[in-house]
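Residue strings, one per chain:
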Amino acid sequence: MAQKTSYTTSRLSSQAEGQSLDKETESQRPLVKTNFILMAIAGAMIIIGFLLMTGASNDAGTFNADIFSARRVVVGPTIAFLGFIFMGVGIMYNPRSRRHGND
């Protein structure tokens, strides 16, 4: 038991002295620049969809028929929903150069 512990300790100390951590190559990273660009576009779509759904009422005591407009009921939620779907696509997207890089 004592020999195993000393071997492990000496091995760790030699790694700390002589070797440094290597940088990850692009093929080793789970997400690359393209993924982050796609996720940023998806985030912008989600924000735009929610902004299209918002609307301020001038007077709280009166009825405003604008709350049932197509922009708030159809267009805004559709863009936000597509943004959420596109976010999943942006996370799972795998560029072609990485797909065949492990041959």
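Here the residue numbers are simple positions, counted from 1 along each chain's written sequence. In keeping with the predicted nature of the model, local features appear solely for residues at pLDDT of at least 70, side-chain atom pairs appear and are counted solely at 80 or more, and the whole-chain, interface and lining totals rest on all residues. With hydrogens and water excluded, all non-hydrogen atoms of the structure serve as input to the side-chain values.

Student: How should I be thinking about the packing of helix α2 (residues 33-53) against helix α3 (residues 70-92) in this particular structure?
Tutor: For any two helices packed against each other, one specifies the crossing angle of their axes together with the interaxial distance. Simply put, an axis is a line fit to the C-alpha atoms, just over the touching stretch for a helix, and the angle between two N-to-C directions goes from 0 to 180 degrees. The numbering of helices and of strands both runs from the N terminus, where a helix is a DSSP run of H or I of at least 4 residues and a strand a run of E of at least 2. Contact geometry for α2 and α3: axes closest at 7 Å, N-to-C directions at 165°. By the criterion of interaxial angle, the relationship of α2 to α3 is roughly antiparallel. Crossing of α2 against α3: the hand is left-handed. A per-class count over the contact of α2 with α3 returns 19 nonpolar, six polar and two charged. Reported orientations rely on four angle classes, namely roughly parallel under 35 degrees, roughly antiparallel over 145, roughly perpendicular from 65 to 115, and oblique for the rest. Less than a right angle of anticlockwise turn of the near helix away from the far helix marks a crossing as left-handed, whereas a clockwise turn marks it as right-handed. For this classification, the nonpolar set comprises Ala, Val, Leu, Ile, Met, Phe, Trp, Tyr, Cys and Pro, the charged set comprises Asp, Glu, Lys and Arg, and every other residue, Gly included, is treated as polar.

Student: Teacher, can you tell me more about α3 here?
Tutor: Residues separated by three or four positions in an α-helix point in the same direction, a consequence of the helix having 3.6 residues per turn. To estimate how far a helix should reach, multiply one less than its number of residues by 1.5 Å. Spanning 23 residues, α3 covers 32 Å between terminal C-alpha atoms, matching the ideal 33 Å at 1.5 Å per step. Only protein chains enter the accessibility calculation, which uses a 1.4 Å probe. A residue is then buried if its area is under 20% of the maximum for its type, exposed if over 50%, and partly exposed in between. Residues Arg72, Gly76, Ala80, Gly83 and Gly90 constitute the buried set of α3. It only takes one pair of heavy atoms within 4.5 Å for two residues to be counted as in contact. Looking at the packing, one finds that the buried side of α3 touches α2.

Student: Looking at this structure, how should I read a nonpolar patch on the surface?
Tutor: Residues enter patches when they are more than 30% accessible in relative terms and free of salt bridges; like-charged ones are connected within 9 Å and nonpolar ones (Val, Leu, Ile, Met, Phe, Trp, Tyr) within 5 Å. Residue burial considers only the protein chains on display, and all accessible areas are found by Shrake-Rupley using a 1.4 Å probe. Salt bridge criterion: a side-chain nitrogen from Lys or Arg within 4 Å of a carboxyl oxygen from Asp or Glu. Together, Phe63, Ile67, Phe68, Val73, Val74 and Val75 make up a nonpolar patch on the protein surface, roughly 610 Å² of accessible area in all. Here phenylalanine 68 shows up in the loop between α2 and α3.

Student: Whenever I open this one, the pattern of salt bridges confuses me. Can you help?
Tutor: Working definition: two side chains of opposite charge can pair if their charged atoms are close together. Counted under the stated rule, the structure contains one salt bridge. Salt-bridge contacts for arginine 72 lead to aspartate 66; the nearest nitrogen and oxygen are separated by 3.5 Å. On the basis of relative accessible area, aspartate 66 is assigned to the partly exposed category, the value being 34%.

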